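Read off the chains here:
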Amino acid sequence: MNVLVLNCGSSTIKFQLIATDLERIAQNTDRRLARGTIERIGGEAIITLVMAGREAQRLTAPLRDARAAVEWIIRWACSETSGITEVQSVADVQAVGHRVVHGGERFTHSVLITDEVLRGIEECIDLAPLHNPANIKGIVAAREVFGVGLPQAAVFDTAFHQTLPDHAYLYAIPYQFYRRHRIRRYGFHGTSHRYVAYRYRQLRSIEREQTNIITLHLGNGCSIAAIRAGDSVDTSMGLTPLEGLVMGTRSGDIDPAIIDFIAVKEGLTAEAVESLLNKQSGLIGISGLTNDMRELLAEAHENDDRRARLAIEIFCYRARKYIGAYLAGVGGADAVVFTGGIGENAAEVRARICAGLEWLGLELDPERNEAQIHGREGLITRDGARLAAYVIPTDEELLIARDTVRCVTGAPQRY
Ligand code: ADP
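So, a few notes on the structure that sits alongside this text. Just so it is clear, the model here is predicted, and its values are computed rather than measured.

**Re the site of the ligand**
Piece 1. Around the ligand, a shell composed of 13 residues is seen, among which Asn220, Asp292, Met293, Arg294 and Gly341 lie nearest.
Piece 2. A distance of 3.0 Å is found between an oxygen atom of the ligand and a backbone nitrogen or oxygen belonging to Met293.
Piece 3. For the ligand, an oxygen atom lies 2.8 Å from a polar atom in the backbone of Gly341.
Piece 4. Look at the ligand: alone it shows 580 Å² of surface, and the protein chains cover 70% of it.
Piece 5. Among the elements that line the shell around the ligand, the one with the most residues is helix H13 (residues 340–345), at 4 residues.

Encoded structure:
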C-alpha cells in the first residue's frame, strides 16, 4: 500500500510517500519513496524534494492553497521526473495519513477520517487554534484531490498521552476550569515518544508491557515522557506545547506570575507576553544569538560565548531535573532514550544532561555516546549500567503511515 503522509501547517506542507503494509510492518521493510517540503503556500511556493539515493532538489511553483499543493505533489509523484516507479497515477496512492496536532480527550488513538471525526477535530480548534485549522484544510484538500472514497487517517500528537492518570494531567487550579473548559495537561510529540518506545522494545526484544522508560524528544520543540508498561504516564508539555523543557524559542516552565509582571513592567498585553514566551525565549532568549543548538555549541567552543554556554547549561539542567522527577514520580525506569535533532546528534548535550546521574546507575560510555550520531541507534551507557541510555532516531512519518495501514485494514492500534 502506498501511503501519502501529510503534515500540514498554515503555509507549509511536509509530505512523504511510504510503501508499507502489515507484512512490511512486521518485517520492518517499509520503503520511503520520496519526501519533501512545500513552504510559502499562498504565493510562489518553495518546494524541496528528496528522493532515495539522489541529491535534494529545490524549485518554485505558484501554489495558492493546500489543495493546489496536494495536487502538485501527486502530479509530481506520477511524473517521470520523480523517478517513483511505484506511483504512476492517482490510483497508486491507496491512503493518506495526516498528522493532527490536537485530539483533545476524544481521540485516544489514530482513526479513519469520517465527517464525524472531522467535526471532532474542529471541536479541538479551541485547544490548538494555530494548528488544527491547517490540519483540517489538509484533510479537505486531500478529499478534493483524491475523492471521498480514498481512506484517510488522522494521527494525533496528543493521543499517546491520553493514558496519563488524573493526578498527572490535572493542574492544581480550581477544578471547575477542567470541567468547564477541559484545561488539563494533554502533552504533544506523542507520535515520536510512541515510535521510540516501540523501537526500544524491538531493540531489547521485550514486550510492550515490559517497556519502562523515559523518552526525551529534543528538537526545536522539546518534551519528555515517562512510559510505564508501554503507556505514557507523564509528559512535560501541557495544555499547549509551551510547558516543560527549555526549547529553541520557548521558555518551558516558568512561574506563571511572571506573565503579568512582564506585562506591567513592559506595557505589553498578555498575548504579547505569551508570544514572547513562545517565540523569543528558550535557547534564543538566553543566548541572544540563535535557537539552533548546533550553532550554540559552536559559539560556546569557538568563541567561548558566555551566554551560549549558559543557554546550553540551563537546557541540560532542566532536562536532567525532569529525568529525576519522572524516575521518582513513576517508580524508576530501565532506560532513558534520546531522540529529535538534538537528542540524536548532540553527544555533548547528552553527556551534559547525564552528568552527575552516575549515582542513579546511569554511567555513559563516552565512546558509545560519541559514536551515536547521524541517525544511528544504540546503547550509549556502559555494559551493566543500572539505568541504561539509548539514542533512537525518531520517525513520526513512518508511524503515521503504519497507523494509516492499521486503520485501513482494521488491525489493532495498540501494539
Ligand atoms: P524539529 O523539532 O523542527 O523537527 P529537529 O528535530 O530537526 O527539529 O531538531 C532541530 C535541532 O537539532 C536544532 O537545534 C539543531 O541545531 C539540532 N541539531 C541538529 N543536528 C545537530 C548536531 N549535529 N549537533 C547539535 N545539534 C544538532
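Text resumes after the structure shown.
**Notes on unusual backbone geometry**
Piece 1. At Arg40, a position not held by glycine, the phi torsion is positive, near 55 degrees.
Piece 2. Within the secondary structure, Arg40 is located in the loop between strand E3 (31–39) and strand E4 (44–51).
Piece 3. The exposure class assigned to Arg40 is exposed, which follows from its relative accessible area of 56%.

**Remarks on the sheet that holds strand E10 (residues 222–228)**
Piece 1. Across the sheet, 6 strands lie side by side as E11-E10-E9-E12-E14-E13; this open sheet has mixed pairing. In this open sheet, the two edge strands, each paired with only one partner strand, are strand E11 (231–235) and strand E13 (378–379).
Piece 2. Running over the sheet, helix H12 (residues 306–330) touches strand E9 (213–218), E10, E11 and strand E12 (335–339) and is turned about 20 degrees from E10.

**Here we look at the sheet that holds strand E6 (residues 95–100)**
Piece 1. As summarised here, the arrangement of the 8 strands in space is E5-E4-E3-E2-E1-E6-E8-E7, forming an open sheet in which the pairing is mixed. Strands with a single pairing partner mark the edges of an open sheet, and in this sheet they are strand E5 (57–62) and strand E7 (111–112).
Piece 2. By the bridge criterion, 7 bridges tie strand E1 (residues 2–8) to strand E2 (residues 13–19) in an arrangement that is antiparallel. Bridge pairing links Cys8 to Ile13 in E2.
Piece 3. Docked against the sheet, helix H16 (residues 396–409) engages E1, E2, E6, E7 and strand E8 (152–156), running at close to 125 degrees with respect to E6.

**Thoughts on the side chain of Ser82**
Piece 1. Take Ser82: it is sitting in the loop between helix H2 (66–78) and E6.
Piece 2. Under the relative-accessibility criterion, Ser82 is labelled buried at 1%.
Piece 3. A polar side-chain atom of Ser82 sits 3.1 Å from the main-chain carbonyl oxygen of Ser79.
Piece 4. Ignoring any residue separated from it by four or fewer positions in sequence, one finds Ser82 in contact with Met51, Arg54, Trp76 and Ala77.

**Brief notes about the packing of aromatic side chains**
Piece 1. Evaluated as defined, the whole model comprises 8 aromatic pairs.
Piece 2. Summarising the aromatic geometry, the rings of Tyr195 and Tyr198 are spaced 6.4 Å apart at their centres and angled 45 degrees between planes, so their arrangement reads as tilted. Remark: Tyr198 and Tyr195 occur in helix H7 (residues 190–204); sequence separation between them is 3 residues, near one turn of the helix.
Piece 3. Since its relative accessible area comes to 9%, Tyr195 is described here as buried.
Piece 4. We classify Tyr198 as buried; its relative accessible area is 10%.
Piece 5. Connected via pairs of aromatic rings, a cluster forms that spans Phe15, Trp72 and Trp76.
Piece 6. Its end group placed over the ring of Tyr169, Arg184 keeps NZ or CZ at 3.6 Å from the ring centre.
Piece 7. In this arrangement the basic side chain of Arg184 is found over the ring face of Tyr186, its NZ or CZ atom lying 4.9 Å from the centre.

Criteria and thresholds
- Residues numbered from 1 in each chain as written.
- Predicted model: local features only at pLDDT ≥ 70, side-chain atom pairs only at ≥ 80, totals over all residues.
- Heavy atoms only, no water.
- Near = heavy atom within 4 Å.
- Polar contact = N/O pair within 3.5 Å; in protein donor to acceptor, adjacent residues only side chain to side chain.
- Areas by Shrake-Rupley, 256 points an atom, 1.4 Å probe, with all protein chains shown as cover.
- Helix = DSSP H or I, 4+ residues; strand = E, 2+ residues; numbered from the N terminus.
- Buried < 20%, exposed > 50% of the residue type's maximum accessible area, 1.4 Å probe, protein only.
- Pairing = 2+ DSSP bridges.
- Contact = heavy atoms within 4.5 Å.
- Axes fitted to C-alpha atoms, helices over the stretch in contact; angles between N-to-C directions.
- Phe/Tyr/Trp six-rings, centres within 6.5 Å; stacked < 30°, edge-to-face > 60°.
- Lys NZ or Arg CZ within 6 Å of the ring centre and 35° of its normal.

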